[in-house]
Amino acid sequence: MIRVGVFGAGGRMGATVCRAVTDAPDMELVAAVDPGAAGTAPGDVQLSAGADQLEAAGAEVAVDFTVLDAARENLRWCAEHGVHAVVGTTGFREAELAEVGELFERSRANAIIAPNFAVGAVLMMRFAEIAAPFFETAEIIELHHDRKADAPSGTAARTAQRMAAASKDWAEDPTTTVIAEGARGGAIEGIPIHSVRMRGMVAHQEVLLGTEGQTLAIRHDSYDRASFMPGVLLAVKQVFSRPGLTVGLDSLLGL
Ligand SMILES: NC(=O)c1ccc[n+]([C@@H]2O[C@H](COP(=O)([O-])OP(=O)(O)OC[C@H]3O[C@@H](n4cnc5c(N)ncnc54)[C@H](O)[C@@H]3O)[C@@H](O)[C@H]2O)c1
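Residues numbered from 1 in each chain as written. Predicted model: local features only at pLDDT ≥ 70, side-chain atom pairs only at ≥ 80, totals over all residues. Heavy atoms only, no water.

**Overview of the environment of Ala156**
Consideration 1: Mapped onto the elements, Ala156 comes out in helix 6 (residues 154–166).
Consideration 2: Owing to a relative accessible area of 0%, Ala156 belongs among the buried residues under this scheme.
Consideration 3: Considering only alpha carbons, one finds Ala156 and Val61, 95 residues apart in sequence, at a separation of 27 Å. (Helix = DSSP H or I, 4+ residues; strand = E, 2+ residues; numbered from the N terminus. Buried < 20%, exposed > 50% of the residue type's maximum accessible area, 1.4 Å probe, protein only.)

As structure tokens, this is what we get:
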């Protein structure tokens, strides 16, 4: 049995992870941390305010779905205390990931950070990367529920970075007059990203690519937070055997 603790256990994703861990035959939920919530998590685990509960309960892996500042701190705590970390919290910048990598190089624990744990979304990113060299224009539209704090989404940012790494040959933006500020979105590595926040949605993304006479749309929709759970549980199992920091699920899925 893998002993798992969850940071952000009272949140939307954290609570779903607590249930998934409790239902997994080879895992045990031993600690649930969330300063913003009181009560109990599934499996009758008491929600606590601080990371100390993870240590006291002998957690081997900590899953983090919180907010960026908290996730930074929790990662540091995990590295210092030798607890493997599986992090879904989004918003980490590239330079910061390098620092986290160094932190876990020096630790006996490992870390996996994935901006998206849905297997379909991981495939979408891969397909977009493969398609990039065959098109001159590309834009990303990401759509999320109306309580998401960060924009653009971690998945959109990562998709843009990977497409930009796969191709340098992008057409100039033809826009010379902007009537409404932000109408062309915000660009990451030259690829415009448009963030939609919409009540009723969960997590969705469409990558549009265009060249002479044709376009390609690659779309992924997460309709339910359950879509992230197989990826999270896979990471919890594999984090033991992946030294240092692993970013994204690709290598775990053999992509
Ligand atoms: N990687 C993925 O596949 C994926 C999927 C969905 C959401 N996310 C990301 O997960 C994060 C959480 O999303 P959510 O919708 O569950 O948010 P949420 O607001 O519902 O939950 C966040 C929880 O974290 C708690 N928290 C804050 N500081 C904490 C700390 N120091 N220790 C423990 N808990 C703390 C809050 O009290 C809250 O309950 C966001 O960054 C979101 O973008 C990632």
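**Details of the nonpolar core**
Within soluble globular proteins, side chains that are nonpolar generally end up buried alongside one another.
Consideration 1: Val63, Phe117, Met163 and Val236 are the most contacted members of the largest nonpolar core, which has 53 residues in total.
Consideration 2: For this core, the two domains that each supply at least three residues are domain 1 (2–113 + 225–253) and domain 2 (119–222).
Consideration 3: Ignoring sequence-local partners within four residues, the contact set of Val236 consists of Ile2, Val4, Met27, Val61, Val63 and Val86.
Consideration 4: Among the nonpolar cores identified, the runner-up in size contains 24 residues, and Ala31, Ala62, Leu75 and Ala85 belong to it. (Core = buried A, V, L, I, M, F, W, Y, C linked by side-chain atoms within 4.5 Å. Domains from an automatic or database assignment. Contact = heavy atoms within 4.5 Å.)

**Quick notes on unusual backbone geometry**
Consideration 1: Geometrically, the link from Ala151 to Pro152 is a cis peptide bond, its omega value of -5° lying close to zero.
Consideration 2: Counting through the fold element by element, Pro152 comes out in the loop between strand 8 (137–144) and helix 6.
Consideration 3: In this structure, Asp44 is a non-glycine residue whose phi angle is positive, near 60°.
Consideration 4: As for its placement among the helices and strands, Asp44 is situated in the loop between strand 3 (40–41) and strand 4 (45–48).
Consideration 5: You will see that Glu189, though not glycine, has its phi angle at about 50°, which is positive.
Consideration 6: Mapped onto the elements of the fold, Glu189 is located in the loop between strand 9 (186–188) and strand 10 (191–197).

**Observations regarding the domain arrangement of the protein chain**
Consideration 1: Taken domain by domain, the protein chain holds domain 1 (2–113 + 225–253) and domain 2 (119–222).
Consideration 2: In this structure, domain 1 and domain 2 have C-alpha centres spaced 28 Å apart.
Consideration 3: Contacts between the two partners involve 11 residues from domain 1 and, on the opposite side, 14 residues from domain 2.
Consideration 4: The three residues of domain 1 that bury the most area against domain 2 are Arg12, Thr90 and Asp250, which together make up 39% of that side's buried surface.
Consideration 5: Linking domain 1 with domain 2 are two salt bridges, by the criterion used here. (Buried area = accessible area lost by both parts, 1.4 Å probe. Salt bridge = Lys/Arg side-chain N within 4 Å of Asp/Glu carboxyl O.)

**Topic: the pattern of salt bridges**
Consideration 1: Summed over all chains, the structure comprises 15 salt bridges.
Consideration 2: With a closest N to O distance of 4.0 Å, Glu94 and Arg158 form a salt bridge. One end of the pair, Glu94, is in helix 4 (residues 94–105); the other, Arg158, is in helix 6, with 64 residues separating them in the sequence.
Consideration 3: The class for Glu94 is partly exposed, based on a relative accessible area of 47%.
Consideration 4: Taking the shortest distance from any N to any O, the salt bridge between Glu129 and Arg126 comes out at 2.6 Å. With Glu129 and Arg126 both in helix 5 (residues 119–131) and three residues apart, this pair spans about one turn of that helix.

**Quick look at the sheet that holds strand 8**
Consideration 1: In spatial order, the strands read 9-10-8-11-12; together these five strands make up an open sheet with mixed pairing. Two strands bound the open sheet, and with one partner strand each, they are strand 9 and strand 12 (214–222). Direction aside, the axes of adjacent strands within the sheet are offset by 25° on average.
Consideration 2: Sitting on the sheet, helix 5 is in contact with strand 11 (203–211) and strand 12, with an inclination near 165° to strand 12. (Pairing = 2+ DSSP bridges. Axes fitted to C-alpha atoms, helices over the stretch in contact; angles between N-to-C directions.)

**Concerning the environment of Gly154**
Consideration 1: Within the secondary structure, Gly154 is located in helix 6.
Consideration 2: Judged by relative accessible area, Gly154 falls into the buried class, the value being 13%.
Consideration 3: When the C-alpha atoms of Gly154 and Leu253 are compared, they prove to be 19 Å apart, with 99 residues separating the residues in sequence.
Consideration 4: Apart from the residues within four sequence positions on either side, Gly154 is in contact with Thr90 and Pro115.

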